[in-house]
Amino acid sequence: MRSKNYISLLLALIFLPITQASGNIVQQDSTVDKTVTVITIKGTIGPTTTNYITRGLETAIEQNAEALIIELDTPGGLLNSTQDIVQEMLASEMPIVVYVTPSGGNAGSAGTFITLAAHIAAMAPTTTIGAASPVSMGGGQQDTVMQKKIFNYSESFIENIAKERDRNAEWAKSAVSDGEAITETEALELNVIDLIAADLNDLLEQIDGKEVEGRVLYTSNATIEPLDESFAEKFFSFIMRPEIMLILTMVAIYGIVGEVTNPGAIVPGMAGVIALILLLYGSAAMPINVAGFILIGLAIVLFITEAFTPTFGILMTGGAVSFFLGALMLFQDFPKEMQLDWYWLVPATILMVIFFGWIATSGIKAQFTGHRTGLESLIGKKAKVIDDVDENSGRVMVSGEYWNAVTEGEEIKSNEWCEIVRFEGLTVTVKPYTPKEETHHGAD
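A short tour of the structure in this document, coming up. As the structure is a prediction and not an experimental result, all values here were calculated from the model.

**Details of the side chain of E233**
Reasoning step 1: You can see E233 is positioned in helix α10 (residues 231-239).
Reasoning step 2: The residues contacting E233, other than those within four sequence positions of it, are T48, N51, Y52 and R55.

In C-alpha cells, the structure reads:
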C-alpha cells in the first residue's frame, strides 16, 4: 500500500511541471505576440477607400492579426463604394472594428453604413453618427419616382446590415428616412454601437476577451500595426477630387489645343494627353455626368468657331456659358460634400475664355489660314509707280526695289499708287490702288 503511494507521488512530481508549463504556454499564447492592424479613413468615401480597406483586410489576414481596426471620420461618400465596402465587411471572417474618432469626428452618411457593418462598433467621446439620407450620398436631383426607389433601397440595405449585426434596425432606417443623427452616448443607449472608447488603447482594453466569428480576441497587450495609404491610393484619391478633375479637364484642353496650334511643341501635347488619360480614369471610377462633358465639348466648338467667324463675341459668350454649365453639371451626381463650389467654376470659366479668346484664336488662325512668306507677304500691299504701267511694260517701287510691272487692264500713271496682285519671275502684276475707306465713295 505504501509502495503505491510512493508511485503516485512520483508520478505527480513528474507530470506537475509539465502541466504547469503547458498552462503557461497556453496563457502565453493568448497574450504574447498579438497584433492588430489599424487603418485610418478620413474624408469622403470613394473607390480608393474600397481598395484601402481591402488591402487592410488582406494585411491583417497575412499577419494573423487579432482584428482589423478602422479609424473612421467621414462626412459621407459614394453609394456604390459604400456598397462594395459593406459587402466585403459582412463577408469577412477577420474581426473588423470600426472606431469613429477623433473627438469631434463623424460617421455621416456612408460612414453610418460602414460603422453598422462592423463586428464591433465603437465611438470616441463627442462624436456623431447618422444622417444617412441617400440624397446626401448620391448627390444631384432625381425625379420623385427615382428618389423613392433610392430611399426604399437604402432603407432596406441599412436595415439588413443592422439585423445582421444585431443592432437597432429601426434607428438605422430612421437615419436614412429622416436623416437622424445622434451622439455617441445616444448611440450606445440605442444599441447602435457596442462601446465608447477614449482612445485606441482604451478600445483594445475593452474589446479584449470578446468573441467574434468564433474566436476570442486577445487585444489587451496587442501590438498596434498601423497601415498607411499607399502612394497610389493617395494619388488616385487626390485626382478624383472634383476640383482636381476640373483642372485636369482644362489642362487636357489647353495641352491638346496648344499642340494643334503649335505643332512640334511636344510639352503641351504630352501634358494634355496625360491629363486626358487621368481624367478618363477618374471618370470611369466616379459618377461623372455625361451631359457635362457634352456641354464642355460644345463650348470648345463655339470657341474655335469664333476664331473664323466675325460674330463680335457672340459665340465666345455662348461658349463661356456652355463651359460653365458643363463644369457645373459634370459633378452634380457627386455627394453634396464633393460638389464644386462657384469659386472654382467662375475662375475656370474666365481662364477658358482668355485662353481661347487670345492665345488659341491666334494659333488656330495661324494654322488654318494660308501662310505668306517672302514676296507672297507683299501681295495686297500698295506700291509707288515709277514709270507709266500698262499691259506691256512699266516700273514700280516695291520695298525699296525697282520692279518691272504690268497691269491687267487699266493704265496707271507715274507717281500714282498701285496694288500688288502677284509676282511672276521678275515682273509684278498690279492694279489701281483704292484706299479701303474710299471704296464706298463715288468718283469726284
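**Focus: the packing of aromatic side chains**
Reasoning step 1: Overall, the coordinates contain six aromatic pairs when judged by the stated rule.
Reasoning step 2: Ring plane angle 15° and centroid distance 5.6 Å describe the contact between Y153 and F157, whose orientation is recorded as stacked. You can see Y153 and its partner F157 sitting in helix α6 (residues 144-164), four residues apart, about one turn around the helix.
Reasoning step 3: An aromatic cluster is defined as three or more aromatic residues linked by ring pairs; in this entry it consists of F231, F235, F236 and Y281.
Reasoning step 4: Lying over the aromatic face of W417, K382 brings its terminal NZ or CZ to 4.5 Å of the ring centre.
Reasoning step 5: When the ring centre of Y402 is taken as origin, the NZ or CZ atom of R395, which lies over that ring, is 4.9 Å away.

**Notes on the nonpolar core**
Reasoning step 1: Within the largest apolar cluster, 44 residues are counted, with the highest numbers of intra-cluster contacts made by I70, M89, F113, I129 and V192.
Reasoning step 2: Beyond its immediate sequence surroundings of up to four residues, I129 is in contact with N106, A107, T112, T115, M123, W171, E180, A181, I182, A187 and V192.
Reasoning step 3: Counting 30 residues, the second largest nonpolar core, distinct from the first, contains I253, V257, A327 and M352.

**Regarding unusual backbone geometry**
Reasoning step 1: Along the chain, T101 connects to P102 via a cis peptide bond; the corresponding omega equals 5°.
Reasoning step 2: Relative to the assigned elements, P102 resides in the loop between β3 (96-100) and β4 (106-108).
Reasoning step 3: Phi is positive for T126, which is not a glycine, with a value near 55°.
Reasoning step 4: Relative to the helices and strands, T126 is located in the loop between β5 (120-123) and β6 (128-130).
Reasoning step 5: Its identity as a non-glycine residue notwithstanding, N191 has a phi of 60°, on the positive side.
Reasoning step 6: For N191, a relative accessible area of 36% gives the class partly exposed.

The rules behind these values
- Residues take numbers from 1 onward in each chain, read along the sequence in its written order.
- At least 70 in pLDDT is required for a residue's local features to be given in this predicted model, at least 80 for side-chain atom pairs to be given and counted, and no such filter applies to totals for whole chains, interfaces and linings, which use all residues.
- Water and hydrogen atoms were dropped before computing side-chain values, which therefore reflect all heavy atoms in the structure.
- Strands here are runs of E lasting at least two residues and helices are runs of H or I lasting at least four, both read from the DSSP assignment and numbered beginning at the N terminus.
- Any two residues whose heavy atoms approach within 4.5 Å at even a single point are treated as in contact.
- Think of it this way: a Phe, Tyr or Trp ring, Trp meaning its six-membered ring, pairs with another when their centres are within 6.5 Å, and the plane angle makes it stacked under 30 degrees, edge-to-face over 60, tilted otherwise.
- Placement of a charge over a ring requires the Lys NZ or Arg CZ to be within 6 Å of the ring centre, with the centre-to-atom vector within 35 degrees of the ring normal.
- Grouping buried Ala, Val, Leu, Ile, Met, Phe, Trp, Tyr and Cys residues that are joined through side-chain atoms within 4.5 Å yields what is termed a nonpolar core.
- Partly exposed describes any residue whose relative accessible area lies between the buried limit of under 20% and the exposed limit of over 50%, with all areas from a 1.4 Å probe on protein chains only and scaled to the type maximum.

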